[in-house]
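Here are the chains, one letter per residue:
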Amino acid sequence: MNPVKIVDIATANPSLRLTQTEVLQRILNAETRTAREKKLYRRFLSEPSIKTRYVALDAEPESLFEETQDLAIARFEDQAVRLGTRAIDDLLKQSQLEAKHID
């Protein structure tokens, strides 16, 4: 059995990057959020150690407010494959390997 060898690593983030303030403002402006939800989001998004958030989304961020659980799962599955593929492609380029050389 051949030993496992890590030769490189790569990551991929979604292209949509929002500050905590931008996320909070979008939530506070959403008519579909209750006062209780807005209070919870205000508390949650006021954490000073987190400055930005990446959102894996092809539509406007406000579309999330109407997203059903089934749509969220489908979006997660789609975006996970895209991001994973991008990370693997970047890894292969930076390590100068071909896909046939990795397990």
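Residues numbered from 1 in each chain as written. Predicted model: local features only at pLDDT ≥ 70, side-chain atom pairs only at ≥ 80, totals over all residues. Heavy atoms only, no water.

## A short note on the side chain of Gln 20
- Topologically, Gln 20 is positioned in helix H1 (residues 20-29).
- According to the relative accessible area criterion, Gln 20 is buried, its value standing at 5%.
- Apart from residues lying up to four places away in sequence, Gln 20 is in contact with Phe 44, Leu 45, Glu 47, Ile 50, Lys 51, Thr 52 and Arg 53. (Helix = DSSP H or I, 4+ residues; strand = E, 2+ residues; numbered from the N terminus. Buried < 20%, exposed > 50% of the residue type's maximum accessible area, 1.4 Å probe, protein only. Contact = heavy atoms within 4.5 Å.)

## Side note on the layout of surface pockets
- Estimated volume of the largest pocket: approximately 460 Å³.
- Around the largest pocket sit 18 residues that line it, and Val 23, Ile 27, Tyr 41, Val 55 and Leu 64 are the ones nearest its centre.
- Those elements giving two or more residues to the lining of the largest pocket turn out to be H1, helix H2 (35-44), strand S2 (52-55) and helix H3 (69-95).
- For the lining of the largest pocket, the residue count by class is 13 nonpolar, no polar and five charged. (1 Å grid on protein atoms, 1.4 Å probe; cavity = no way out; pocket = protein on both sides within 12 Å on 5 of 7 lines; lining within 4 Å. Points joined across faces, edges and corners; volume = space filled by probe spheres on them. Nonpolar A, V, L, I, M, F, W, Y, C, P; charged D, E, K, R; others polar.)

## Points about a nonpolar patch on the surface
- Residues Val 4, Ile 6 and Ile 9 make up a contiguous nonpolar surface patch of roughly 400 Å² in combined accessible area.
- As for its position among the elements, Ile 9 is in the segment before strand S1 (16-19). (Patch = residues over 30% accessible without salt bridge, like charges linked within 9 Å, V, L, I, M, F, W, Y side chains within 5 Å. Areas by Shrake-Rupley, 256 points an atom, 1.4 Å probe, with all protein chains shown as cover. Salt bridge = Lys/Arg side-chain N within 4 Å of Asp/Glu carboxyl O.)

## Considerations on the packing of H1 against H2
- Two numbers describe how H1 lies on H2: the axes approach to 10 Å, and their chain directions differ by 175 degrees. If you check the angle between H1 and H2, you find them roughly antiparallel. In this structure, H1 uses Gln 20, Leu 24, Ile 27 and Leu 28 to contact H2, whose residues at the interface are Lys 38, Tyr 41, Arg 42 and Phe 44.
- Partitioning the contact of H1 with H2 into residue classes produces five nonpolar, one polar and two charged. (Axes fitted to C-alpha atoms, helices over the stretch in contact; angles between N-to-C directions. Parallel < 35°, antiparallel > 145°, perpendicular 65-115°, else oblique.)

## What about H3?
- Taking 1.5 Å per residue, 27 residues should reach 39 Å; H3 reaches 38 Å between its end C-alpha atoms and fits that length.
- What H3 keeps buried is the set Ala 72, Arg 75, Gln 79, Leu 83, Ala 87, Leu 91, Leu 92 and Ser 95.
- Gln 96 sits one or two positions beyond H3 and adopts a positive phi of about 55 degrees. (Expected span 1.5 Å × (residues − 1).)

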